[in-house]
Amino acid sequence: MGWFKRFSRKKSSTPKKSVDLRVPRNDYYSPATYEYHGPDQTTRLPEKVLRRIFEEVCPHSTDDTLDGSEDSGNDGCMTCDMRDLAHCALTRRSWYGIAAGLLYNSIRIDAVHYCELEEIYADQRRRKSRNGDAEDIPTVRLQMLSNSVRGNQHLGQRVRFVKLPYMTRESCKADLARLVSGCPNLDYIDLPDGFYNGDQSCQLLRQELQARCPHIQKMKYNEGGEQSVESLLHGYWQELRVVELNKLRIEPSILRQVFGMLPRLSELTVTGGAWMNDSFFHDAPGLPHFPPLETLKLEKVHGVTAQGLVQYLSNHMCAARLKTLIIRNCNGITVADLHAILRAASNLRTLEYNATITASLPLDPLPPLESYTLRKLNYEIIANSTNQIYSPGASYYQYLAKSLLSNSLPGLRQLYVQDPEFPEILTLAPPIRPFSEAPQPTFNQPLEVFSKGLDELEWIFTSIIPPEAGQRRASMVGGRPLSSYSAHKGLGPQWGGEARKSIVVPNGFGGFLAIPAENDARPRSAGNPTAGGGGGSFGGFGHSHSHSLSTSPGGPGARASWMTHAGRDKRASRADLWR
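Residues numbered from 1 in each chain as written. Predicted model: local features only at pLDDT ≥ 70, side-chain atom pairs only at ≥ 80, totals over all residues. Heavy atoms only, no water.

## Here's the deal with the overall build of the protein
Phase 1 of the analysis: Each helix and strand counted, the protein has 18 helices and 16 strands in total.
Phase 2 of the analysis: Burial statistics for the protein: of 579 residues in total, 41% are counted as buried.
Phase 3 of the analysis: Considering only residue pairs separated by 6 or more positions, the protein has 68% of its internal contacts joining residues 24 or more positions apart.
Phase 4 of the analysis: Accessible surface for the protein amounts to roughly 34200 Å². Of this, 52% is attributable to carbon and sulfur atoms. (Helix = DSSP H or I, 4+ residues; strand = E, 2+ residues; numbered from the N terminus. Buried < 20%, exposed > 50% of the residue type's maximum accessible area, 1.4 Å probe, protein only. Contact = heavy atoms within 4.5 Å. Areas by Shrake-Rupley, 256 points an atom, 1.4 Å probe, with all protein chains shown as cover.)

This is the structure:
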């Protein structure tokens, strides 16, 4: 009997799945799986398309800004993006050149993973650590990068930007010097703070950077780095485009000679320059001219006045190239002088002015802020005195509002102010005087206003829409549109066609509405020609529907829908006249 058991069918150990007969089966609606059996179409992709795809895989590989690691980057885990791009380079031989070019173009080393993998890797490193001392991963990555660029000169020539975390660049100065020596085309690299103030511990790094990297485009000099500034006279880094000077003590004549050695200089930042005054912009015999700049930033430079900037902008080349001007806490440049600077800067696109004031503007009339090229204005006035009942900063914002209402800044699209009530100043214009033919100030340009108070951290966004044809003033997004009337042209057919039979009352938002006199009946709406009908909006300000409690025609029901709260819509605006 045991021999015949070999021919018996073996039962499977897995239980058979039960089929529910109550559910009808339809193979036509079953999920389909598509399989492609043709040739590989990725081989036909041009290099531009492949490069664009790889840029989406690792977005920070195209980061060509001159900002530090803390001020740059994008959303997501940039370490994982770089890993995915490295895998793309190893997938196909034809992809390696494009992917490696992006991989080594802009290198970024982060201290941690900005994703859920950081917990897994941190646990693994903790288990592998000896005596509880975890390995410094950013330092290891920097050392591996140094070995790669020094061992392969083709990879080193592709490196243009290197961005490192703060602790790594402060503790690995020798590794940074080794990395710099293998990157001859470097444009920007995050450096330790001691490099900028002349610290002797960074002397080797400075010598390597001066000898190996002639294409550096941004450099900063802090207090104590005066000798490093003078070293530029020997011809180092002549391609510098951005220079920052912080609290330096140097002769202005030497600095003018240094600027003459930098033909590509386009952005200059000066902070706390006690040596800087108006004569720094003047032409002097034997010294090169002050270079025309695209961006000029002055912070706590009290020796420079508006007359000095106007003198600098009197040069046509300087006025045509300057596009961004930032003035922060400069006592020599006041709000009363901004109109002269805007008039002299013929191609200015961005103006940022921050000041702390203690007194209001003088009562003498000031010319308005006028510029046809200005697109962005950061106007932050902070009152230093808090004991006064009325803040002195109100006069400064009134001056700005008058400049905007006079259409002196027609190209302005973004405005930043330190006054949360400033958008209402623009939209709530003063009422029209009866029988006045003088044009009223109107705001007729689109504008994005970002406002906040002193105790607020985030900007409050308000979009102001220009008025349409027939409107008197602009309106804010989300607000109710406001309209006006013309006394000499009448109030329209729905009001009886006579101009003087009306009363002007406030609407609750600072504007005014026209209502019929007491002896007249309710005006006829556009939707219902009968008097007292409730089927239409009341001149654009009433409810979309109103119903009477009485059904008698022409009786008290029509009057009740107008004078009482019967049939009120719950979603009515607070600006309703009949509230």
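## Describing the layout of surface pockets
Phase 1 of the analysis: Approximately 600 Å³ is the volume found for the second largest pocket.
Phase 2 of the analysis: For the second largest pocket, the lining is made up of 29 residues, of which Leu66, Gly68, Lys218, Lys220 and Glu244 are closest to its centre.
Phase 3 of the analysis: Broken down by secondary-structure element, the contributors of at least two residues to the lining of the second largest pocket are β3 (188–189), α9 (193–196), β4 (218–221), β5 (242–246), β6 (267–271), β7 (295–299) and β8 (324–328).
Phase 4 of the analysis: Considering only residue class, the lining of the second largest pocket consists of 11 nonpolar, 4 polar and 14 charged. (1 Å grid on protein atoms, 1.4 Å probe; cavity = no way out; pocket = protein on both sides within 12 Å on 5 of 7 lines; lining within 4 Å. Points joined across faces, edges and corners; volume = space filled by probe spheres on them. Nonpolar A, V, L, I, M, F, W, Y, C, P; charged D, E, K, R; others polar.)

## Considering the sheet that holds β3
The pairing of strands in a sheet happens through backbone hydrogen bonds and is either parallel or antiparallel.
Phase 1 of the analysis: The parallel open sheet is built from 3 strands, whose spatial order is β1-β2-β3. Only two strands of the sheet have a single neighbouring strand rather than two, namely β1 (106–108) and β3. (Pairing = 2+ DSSP bridges.)

## Here's the deal with the packing of aromatic side chains
Phase 1 of the analysis: Counting across every chain of the model gives 15 aromatic pairs.
Phase 2 of the analysis: With centroids separated by 5.9 Å and ring planes inclined at 90°, the aromatic side chains of phenylalanine 259 and phenylalanine 290 adopt a geometry described as edge-to-face. In this pair, phenylalanine 259 sits in helix α12 (residues 252–260) while phenylalanine 290 sits in the loop between β6 and β7, placing the two residues 31 residues apart along the sequence. Comparing phenylalanine 259 with phenylalanine 290 shows no difference in burial state: the two are buried.
Phase 3 of the analysis: Directly above the ring of tryptophan 95 sits arginine 92, whose terminal nitrogen or CZ lies 5.4 Å from the centroid.
Phase 4 of the analysis: Above the ring of tryptophan 459, the side-chain terminus of lysine 452 is found at 4.5 Å from the ring centroid. (Phe/Tyr/Trp six-rings, centres within 6.5 Å; stacked < 30°, edge-to-face > 60°. Lys NZ or Arg CZ within 6 Å of the ring centre and 35° of its normal.)

## A look at the environment of isoleucine 341
Phase 1 of the analysis: Considering the arrangement of structural elements, one finds isoleucine 341 in helix α15 (residues 338–344).
Phase 2 of the analysis: Distance in space between the C-alpha atoms of isoleucine 341 and serine 371 is 9.7 Å, their sequence separation being 30 residues.
Phase 3 of the analysis: Residue contacts for isoleucine 341: discarding those within four places in its chain leaves Ala306, Leu309, Val310, Leu313, Leu325, Ile327 and Ile333.

## Describing the side chain of threonine 139
Phase 1 of the analysis: Tracing the backbone through its elements, the reader meets threonine 139 in helix α5 (residues 137–151).
Phase 2 of the analysis: The residues touching threonine 139, leaving out its near neighbours within four places in the chain, are Cys172 and Asp175.

## Some words on the nonpolar core
Phase 1 of the analysis: By size, the foremost hydrophobic cluster in this structure holds 110 residues, and its most contacted members are Leu209, Met219, Tyr379, Leu404 and Phe422.
Phase 2 of the analysis: The residues touching methionine 219, leaving out its near neighbours within four places in the chain, are Leu191, Phe195, Tyr196, Leu209, Trp237, Leu240, Val242, Val243 and Glu244. (Core = buried A, V, L, I, M, F, W, Y, C linked by side-chain atoms within 4.5 Å.)

## Describing helix α16 (residues 393–405)
Phase 1 of the analysis: With 13 residues, α16 extends 19 Å from end C-alpha to end C-alpha; this agrees with the ideal 18 Å at 1.5 Å per step.
Phase 2 of the analysis: For α16, the set of buried residues is Gly393, Tyr396, Tyr397, Tyr399, Leu400, Ala401, Ser403, Leu404 and Leu405.
Phase 3 of the analysis: On its buried face, α16 is in contact with α15, β9 (350–357), β10 (376–383), β11 (414–417), α17 (422–427) and β12 (447–451).
Phase 4 of the analysis: Taken from the residues just after α16, asparagine 407 is the one with a positive phi, measuring 60°. (Expected span 1.5 Å × (residues − 1).)

## Overview of the pattern of salt bridges
Phase 1 of the analysis: This structure, assessed with the given rule, holds 20 salt bridges.
Phase 2 of the analysis: For arginine 127, the salt bridge identified is with aspartate 123, shortest N-O distance 3.2 Å. On the criterion of helical spacing, the pair formed by arginine 127 and aspartate 123 is a turn pair, its members being 4 residues apart in helix α4 (residues 117–128).
Phase 3 of the analysis: For arginine 127, a relative accessible area of 68% corresponds to the exposed category.
Phase 4 of the analysis: With a shortest N-O distance of 3.0 Å, glutamate 352 and arginine 328 are connected by a salt bridge. Of this pair, glutamate 352 sits in strand β9 while arginine 328 is found in strand β8, placing the two residues 24 residues apart along the sequence.
Phase 5 of the analysis: The exposure class assigned to glutamate 352 is buried, which follows from its relative accessible area of 14%.
Phase 6 of the analysis: Each of Arg51, Arg52, Glu55 and Glu56 takes part in a single network of salt bridges with overlapping partners. (Salt bridge = Lys/Arg side-chain N within 4 Å of Asp/Glu carboxyl O.)

## As for a positive patch on the surface
Phase 1 of the analysis: Taken together, Lys323, Arg349, Arg375 and Arg413 make up a surface patch of like positive charges.
Phase 2 of the analysis: The residue arginine 375 is located in the loop between β9 and β10 in this model. (Patch = residues over 30% accessible without salt bridge, like charges linked within 9 Å, V, L, I, M, F, W, Y side chains within 5 Å. Lys, Arg positive; Asp, Glu negative; His and termini not counted. Charge placed at Lys NZ, Arg CZ, Asp CG, Glu CD.)

## Side note on the packing of helix α8 (residues 173–181) against helix α10 (residues 203–212)
Phase 1 of the analysis: Between α8 and α10, the least distance of the axes is 9 Å, while the angle of their chain directions is 10°. Between α8 and α10, the interaxial angle falls into the category roughly parallel. Taken together, the residues of α10 that come into contact with α8 (itself represented by Leu176, Ala177, Val180 and Ser181) are Leu204, Leu205, Glu208, Leu209 and Arg212.
Phase 2 of the analysis: Residues that form the contact of α8 with α10 fall into these classes: 6 nonpolar, 1 polar and 2 charged. (Axes fitted to C-alpha atoms, helices over the stretch in contact; angles between N-to-C directions. Parallel < 35°, antiparallel > 145°, perpendicular 65-115°, else oblique.)

## Brief notes about the confidence of the model for the protein
Phase 1 of the analysis: Here the protein shows a mean pLDDT of 78. Residues at 70 or above account for 71%.
Phase 2 of the analysis: Mean pLDDT across the secondary structure elements of the protein bottoms out at helix α18 (residues 556–563), with 39, and peaks at β3, with 96.
Phase 3 of the analysis: Across residues 519–579, where pLDDT falls below 50, the model places 77 contacts with residues more than four positions away in sequence or in other chains. (pLDDT = per-residue confidence, 0-100.)

## Brief notes about the pairing of β4
Phase 1 of the analysis: Side chains Met219 and Tyr221 of β4 all project onto a buried face; the interleaved residues Lys218 and Lys220 project onto a face where none is buried.
Phase 2 of the analysis: Direction of pairing for β4 relative to β5: parallel, over a ladder of 4 bridges. Along β5, the bridge assignment pairs lysine 218 with valine 242.

## Comments concerning the pairing of β7
Phase 1 of the analysis: Both β6 and β7 contribute to a ladder of 5 bridges, which runs parallel. Bridge pairing in β7 links leucine 268 to leucine 296.
Phase 2 of the analysis: The pairing of β7 with β8 spans 5 bridges and is classified as parallel. Counterpart to threonine 295 in the pairing with β8 is threonine 324.

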